[in-house]
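Listed here are the chains, written in short residue letters.
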Amino acid sequence: MQNIYINPEFEVIRNENRCIKCRVCERQCANEVHSYDADLNLLISDETKCVNCQRCVSLCPTKALKIVKNDCRLRENANWSDSTIKEIYKQASSGGVLLSSMGNPNPLPVYWDKILINASQVTNPPIDPLREPMETKVFLGKKPEKVQRDKNGNLICNTPPQLELSMPVMFSAMSYGSISYNAHASLARAATELGILYNTGEGGLHEDFYCYGKNTIVQVASGRFGVHKDYLEAGAAVEIKMGQGAKPGIGGHLPGAKIVGDVSRTRMIPEGSDAISPAPHHDIYSIEDLRQLVFSLKEATEYQKPIIVKVAAVHNIAAIASGIARSGADIIAIDGFRGGTGAAPTRIRDNVGIPIELALASVDSRLREEGIRNNVSLVVGGSIRSASDVVKAIALGADACYIATAAVLALGCHLCRTCQTGKCNWGIATQNPELVKRLNPDIGSQHLINLMTAWKHEIKELMGGMGINSIEALKGNRLMLRGVGLNDRELSILGISHAGE
Amino acid sequence: MKKVYVDEKWCLGCHLCEYNCAFANSGISNMVKALKNKPIYPRVHIEESDKITYAVSCRHCEDPICVKSCISGALSIKDGVICIDHDKCIGCLTCILVCPYGAVAQGENGVVQKCELCLENSCGSPACVAGCPNNAIIYEER
Amino acid sequence: MKKYVIIGNGVAAAGCIEGIRTQDTASEITVISEENHPVYCRPLISYCLEGKTTIEKMNYREKDYYLNNGCNVLYGKQAIKIDDKHKLVITNSGDEIPYDELCIATGSSPFVPPFPGLETVDKKFSFMTIDDMQALEHAINKNTRVFIVGAGLIGLKCAEGLADRVSEITVCDLADRILSSILDEECAALMQKHLEKHGIKFLLGDSVATFDKNTAKMNSGTDVAFDVLVLAVGVRANTALLKEIGGEVNRGILINDKMQTSIAHIYAAGDCTEGDDISSGQKKVLAILPNAYIQGKCAGINMAGGEAVFDNAIPMNSIGFFGLHAMTAGSYPTKQDGGEVYEEKGDSFIKRLYMKDGFLAGYILIGKVDRAGIYTSLIREKMPLTDIDAAMLKKSPSLAIFLPETRRKKLGGVL
């Protein structure tokens, strides 16, 4: 059957005046876009294979390359966009579900960008973080309602297990399998160095990384891959993954081709078998069922580790969170609809779930209203892109943020959004040893440390400007936020005033 | 003494080191002008076998057989760096005959050339190291 | 304080000076130099003829070398006798130079067979020293016909050096091929073809019966007319000084791996010696510059009380003519000798690897010589072929032939 021809999305423009035929582009492109023709003494491009990952552009020593959007477009149509039509062609040719990676790229509202942060002027002094102490440390876990004392007036210390973070950011779940060994090594080393945590995702924990256990959150997902006693005991906390922002309501599918060697061993499934995570946990159909798993895990870890329940931000998230807060979980992680993924059906990624900003505000409000906010800490993720997003999230009520896309960007990801092919030219979302080695964890971990160090400085500056000297004092302090260009409904959900009010 | 070391675990075989080397030693300030449309004569070479790649350049041996063997007195040790006086070298290739690393090679004009850690050119420190995208080549004391 | 004396002022002597100075920076070193030149690169005389270098650039070491190294050089003096009882060296001018440690680095001299009628030849030269080279240079012009007796390394380098400066060069050799000491027939033929392309004529398997002024009558009956004669038949190690006092001498002065001769406090280094060739297991005169320097340095260290051995000498040569390079090393055991030969060849290259008893014993490379040192090191280090990738070894010399750990160690990488 003849496929419908689809014009390549990108055009490779090679400046022949600059090209020195070093062939670095050819050697570095796992998609085999570039090839050298000895007869012509020219490098030629097969643009149908280009994903615009910018590897060649980055490494070209004479900067002779650029990748541009192919301007050969279908006739303009506000309803039938070029990409919509091409997706039709693809499906007409393949009969398959469209797959995509990373977060929702569509122009849906980004509430962070419509929220502005306060600063002190005249009536209250700002704080200069370079001169005065500023606390970015946070503790995650169930907090006692009030101070308790015994008969003799001594403090009763029965605080449930807590996670201590040097700053309110953690690296969120990315499984070994969906990302490479070296990506995991980078995350683990950086988290340890930074005094924060990273998350194994649902693929188990490679034995080489048990040494970073104090800075590791081990995840238990519906496929239960790689879950065993030592694994649960290795981490500082256990996370039950109920859902993921990029693909709420569906499970996961890591193709058998990626289940090789250590990945297969770590996941405890045979080489070459597809790793299918079911959409639900088959033992969880209610909050009561969830509670059973929470306490099973607490039993397994002797009540020494906080249990996190991670859910995708969906319509009735406030009620769901309320249930989780009563399930015995210590921390709720909520993943917004712009969260990334190694592979998800495009329609789900782009149309299911709600923005994290609204979910966070409504969950925080609901838990406060119900008087159970101290039952749990709130961690939010799903496209936290900067220190200001972190500050806004904290002010909206989060205890900490999860970042993953920002972290992989620091590792070199260029957001080409083709993780599902397994041919990541940056050595991140791949298991091909030739590609995996492109990410040297010495560099990767340093970049992550640099990024977090920079954010920490910025968080301090932003807090100082508001006259606030600790994350604790900023938490849920929505007075520090104002909306711009938001309607009354949005402002009311966010629990903030409009700018000027 | 600081030397150039390679860690084959991280070498991607991209060959950028060879081009950066040839450029650094060209004496020309523009890479395109220096390298376009001509064969390059780098002082570092990528070896490839069985999907393993690594860069090889002069090890700056403490007891260098190339210096001992040089029939023209062109090779010498200066502060631990094995240097070549291109003016004295007559291209007999005895150094190629004896170097156990295969790190000496014939240059453009028949005389031999070898890594001098970019101490003799305008870079000041090894260009292969600075340009390696994956820290596979390291300049350090061991 | 010790008194060091070195007889000779070549590369072995320089090695000896530098060896002594690694141990002893104070004591005086006396160098007896027959030639009136500071140490120079003797093999470069042909390149000087060719214009690729100059007398000045041929200096082996910097200008103040002897001063910097505390050496007293007696130029133009010849050691004529060693008195090992009183530890004295006696020179041709009657000086008696006392030594505590002595190094003989007298090199070799051209061997001139007693050709009948040789005395009738007016312009005849050897080609060993700067003085030889300058004398030859004075004798030639664009129209000179040069006849070189001997198609060995010296004769042919001389031919190359003269090629663009004279009208005609003929080289004869008793052997049926050129470079007979290092190349076999096929390799020699390839090299010969290349030399012939550059105008050198050969008379091989032939020798001079008699000379008659400007004509050589060959044994084959041919007459060769020439203007200038260069005698490059061969060299003999200068061993007399030691032989006279009963030291052990064969074709060269016999030395052990510390460069000691059979007489106490007397060392020897360079072309005058005969030591072990580990590639063949035989005693040989390995008259090549690298060995001279290494032996000299080893002798120097031991003379000054240090500990050094040089126990992995092998014959090796890198020689090029008109851009075609040949490299050879080790010995060439054939099938009859129980060896195995790997060969690759084309119009302009030959590669031959000789393996025996699980080791690389030697090689001949012509045309493609890149990275040959890796092969040389396998011979020198006696690396068992079982420890390396022998198939890859044959393909090309690279560090990929080694086991990963060996290679990482070699490259100083992370282990």
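A quick note: this is a predicted structure, and the numbers were derived from the prediction, not measured.

Cut-offs applied
- Residues numbered from 1 in each chain as written.
- Chains lettered and ligands numbered in written order.
- Predicted model: local features only at pLDDT ≥ 70, side-chain atom pairs only at ≥ 80, totals over all residues.
- Helix = DSSP H or I, 4+ residues; strand = E, 2+ residues; numbered from the N terminus.
- Rg over C-alpha atoms; globule rule 2.2 N^0.38 Å.
- Buried ≥ 20, exposed ≤ 12 C-beta atoms within 10 Å, placed from the backbone.
- Contact = placed C-beta atoms within 7 Å.
- UniProt positions renumbered as here; feature names shortened; annotations may be inferred.
- Domains from an automatic or database assignment.
- Nonpolar A, V, L, I, M, F, W, Y, C, P; charged D, E, K, R; others polar.
- Pairing = 2+ DSSP bridges.
- Expected span 1.5 Å × (residues − 1).
- Arc of directions from axis to C-beta.
- Axes fitted to C-alpha atoms, helices over the stretch in contact; angles between N-to-C directions.

Let's talk about the overall build of chain C
For chain C, the helix and strand inventory stands at 11 helices and 26 strands. On C-alpha atoms alone, chain C measures out to a radius of gyration of 23 Å, which is about the 22 Å that the 2.2 N^0.38 rule sets for 415 residues. Expressed along its principal axes, the backbone C-alpha trace of chain C runs to roughly 65 × 60 × 40 Å. Here chain C, with 415 residues, has 49% of them falling under the buried criterion. Within chain C, contacts between residues at least 6 apart in sequence are counted, and of these 62% link residues at least 24 apart.

Quick word on the overall build of chain A
Scanning chain A from terminus to terminus reveals 16 helices and 21 strands. By the compact-globule yardstick of 23 Å for 501 residues, chain A fits well, its C-alpha radius of gyration being 24 Å. Structurally, chain A occupies a C-alpha span of about 90 × 60 × 45 Å along its principal axes. Across the 501 residues in chain A, those meeting the buried criterion constitute 50%. Long-range pairs, those at least 24 residues apart, make up 68% of the contacts in chain A with a sequence separation of at least 6.

A short note on the UniProt feature "domain: FAD/NAD(P)-binding" (unreviewed entry) in chain C
Under the UniProt annotation, "domain: FAD/NAD(P)-binding" (unreviewed entry) lies at residues 3-295 of chain C. Summarising residues 3-295 of chain C: 23% helix, 28% strand, and an end-to-end C-alpha distance of 20 Å.

Comments concerning the domain arrangement of chain A
Residue and element names in this part refer to chain A. When cut into domains, chain A gives domain 1 (10-96) and domain 2 (138-473). For domain 1 versus domain 2, the distance between C-alpha centres works out to 35 Å. On the side of domain 2, seven residues touch domain 1, which itself brings nine residues to the contact. In the side of domain 1 that touches domain 2, the residues fall into four nonpolar, four polar and one charged.

Digging into the environment of Val228 of chain C
Among the structural elements, Val228 of chain C can be located in strand 16 (residues 228-231). Contacts of Val228 of chain C, omitting those with residues within four sequence positions, involve Lys123, Ala139, Ile140, Thr144 and Val146 of chain C.

With respect to the UniProt feature "binding site: [4Fe-4S] cluster 1" (unreviewed entry) in chain A
All names here are of chain A. Mapped onto the present numbering, the UniProt feature "binding site: [4Fe-4S] cluster 1" (unreviewed entry) falls on Cys19, Cys22, Cys25 and Cys60. In sequence the annotated residues extend across 42 residues, while in space they remain close, none of their C-alpha pairs exceeding 10.4 Å. Among the secondary structure elements, Cys19 is positioned in the loop between strand 1 (10-14) and helix 1 (24-28). For Cys19, the contacting residues outside a window of four places in its chain are Arg14, Leu43, Thr62 and Ala64.

Digging into the sheet that holds strand 18 (residues 253-254) of chain C
Residue and element names in this part refer to chain C. On the basis of which strands lie adjacent, the open sheet formed by three strands has the order 18-20-21 and mixed pairing. Every interior strand has two partners, whereas the edge strands, strand 18 and strand 21 (282-284), have only one. As paired elements, strand 18 and strand 20 (residues 273-277) share two bridges and run parallel to each other. Each bridged residue has a counterpart across the sheet, and for Leu254 the counterpart in strand 20 is Glu274.

Brief notes about unusual backbone geometry
A positive phi angle, near 65°, is found at Arg417 of chain A, a position not held by glycine. Checked against the element boundaries, Arg417 of chain A lands in the loop between helix 12 (405-410) and helix 13 (433-436). The phi dihedral of Leu117 of chain B falls on the positive side, at around 60°, and the residue is not glycine. Summarising the element assignment, Leu117 of chain B is placed in the loop between strand 7 (112-113) and helix 5 (127-131). Residue Leu117 of chain B is classed as buried on the basis of its 26 C-beta neighbours within 10 Å.

Re the environment of Asn17 of chain A
The residue Asn17 of chain A is located in the loop between strand 1 and helix 1 in this model. Sequence-wise, Asn17 of chain A and Thr62 of chain A are 45 residues apart; in three dimensions their C-alpha atoms are separated by 9.8 Å.

Things to note about helix 7 (residues 287-300) of chain A
Note: α-helices contain 3.6 residues per turn, so residues at a spacing of three or four share the same orientation. Residue and element names in this part refer to chain A. Under the 1.5 Å per step criterion, the end-to-end length of helix 7 is 20 Å for 14 residues, consistent within 8% with the ideal 20 Å. Of the residues making up helix 7, those classed as buried are Leu290, Leu293, Val294, Leu297 and Lys298. Taken down its axis, helix 7 places every buried residue within 140° of arc, on the same side. Among the exposed residues of helix 7, those pointing more than 90 degrees away from its buried face are Glu288 and Glu299.

Focus on the interface of chain B and chain C
Tallying the contact residues gives 29 residues for chain B and 37 residues for chain C. Every element with two or more residues in the side of chain B that touches chain C is listed here: strand 1 (2-6), strand 2 (45-49), strand 3 (52-56), helix 3 (65-69) and helix 4 (94-98) of chain B. For the side of chain B that touches chain C, the element with the highest residue contribution is helix 4 of chain B, accounting for four residues. Class assignment for the residues of the side of chain B that touches chain C results in 15 nonpolar, six polar and eight charged.

What to know about the interface of chain A and chain B
On the side of chain B, 17 residues touch chain A, which itself brings 15 residues to the contact. Listing elements by their share of the side of chain A that touches chain B, those giving two or more residues are helix 1 and helix 14 (441-466) of chain A.

Some details on the sheet that holds strand 15 (residues 223-225) of chain C
All names here are of chain C. Pairing is antiparallel in the open sheet, where three strands are placed in the order 13-14-15. In the strand order of this sheet, the two ends are held by strand 13 (208-212) and strand 15, each with one partner. When strand polarity is set aside, the average angle formed by the axes of neighbouring strands in this sheet is 20°. Direction of pairing for strand 13 relative to strand 14 (residues 215-218): antiparallel, over a ladder of four bridges. Paired with Phe211 across the strands is Ala216, a residue of strand 14.

Remarks on the pairing of strand 14 of chain C
All names here are of chain C. Hairpin connection between strand 13 and strand 14: a loop of two residues separates the two successive antiparallel strands, and Lys213 in this loop has a positive phi of roughly 50°. In the sheet, strand 14 pairs with strand 15 via three bridges, with the strands oriented antiparallel. Residue pairing for strand 15: Ala216 is matched across the bridge by Val224. In this structure, the hairpin formed by strand 14 and strand 15 is closed by a connection of four residues, where Gly221 is found at a positive phi of approximately 105°.

Section: the domain arrangement of chain C
Residues and elements named next belong to chain C. Here chain C is described as being made up of domain 1 (4-109 + 236-303), domain 2 (118-230) and domain 3 (323-410). On a C-alpha basis, the centroid separation for the pair domain 1 and domain 2 is 30 Å. Listed by partner, the interface residues are 11 residues for domain 1 and 11 residues for domain 2.

With respect to the UniProt feature "binding site: [4Fe-4S] cluster 2" (unreviewed entry) in chain A
Residue and element names in this part refer to chain A. UniProt tags Cys29, Cys50, Cys53 and Cys56 as "binding site: [4Fe-4S] cluster 2" (unreviewed entry). A compact arrangement is adopted by the annotated residues: their sequence extent is 28 residues, whereas the largest C-alpha distance between any two is 10.5 Å. Among the residues examined, Cys53 registers 25 C-beta atoms within 10 Å and is labelled buried. Excluding residues that lie within four positions of it along the chain, Cys53 makes contacts with His414, Cys416, Asn425 and Trp426. Mapped onto the elements, Cys56 comes out in helix 2 (residues 55-59). Judged by the 26 C-beta atoms lying within 10 Å of it, Cys56 is buried. Setting aside chain neighbours within four positions, we find Cys56 in contact with Cys25, Gln28, Cys29, His34 and Leu65.

Section: the pairing of strand 23 (residues 324-330) of chain C
All names here are of chain C. Within strand 23, six of the seven residues are buried, leaving the element largely enclosed by the surrounding structure. Inspection of the sheet shows strand 22 (residues 316-321) paired to strand 23 by six bridges, in the antiparallel sense. Pairing of Ile319 across the sheet is with Ala326, part of strand 23. Once strand 22 ends, the chain turns through two residues before running back antiparallel as strand 23, passing Phe322 with a positive phi of about 50°.

Some points on the arrangement of the chains
Between all two pairs of chains that are in contact, chains B and C come out with the most contacts. At no point do chain A and chain C touch; the closest pair of C-alpha atoms across them sits 14 Å apart.

Observations concerning the environment of Asp85 of chain B
Inspection of the secondary structure puts Asp85 of chain B in the loop between strand 5 (81-84) and helix 4. Remark: the alpha-carbon pair of Asp85 of chain B and Ser57 of chain B, spanning 28 residues in sequence, is separated by 18 Å.

Observations concerning helix 1 (residues 16-24) of chain B
Taking burial as the measure, the nine residues of helix 1 of chain B include nine buried ones, the bulk of the element. Burial in helix 1 of chain B covers these residues: Leu16, Cys17, Glu18, Tyr19, Asn20, Cys21, Ala22, Phe23 and Ala24 of chain B.

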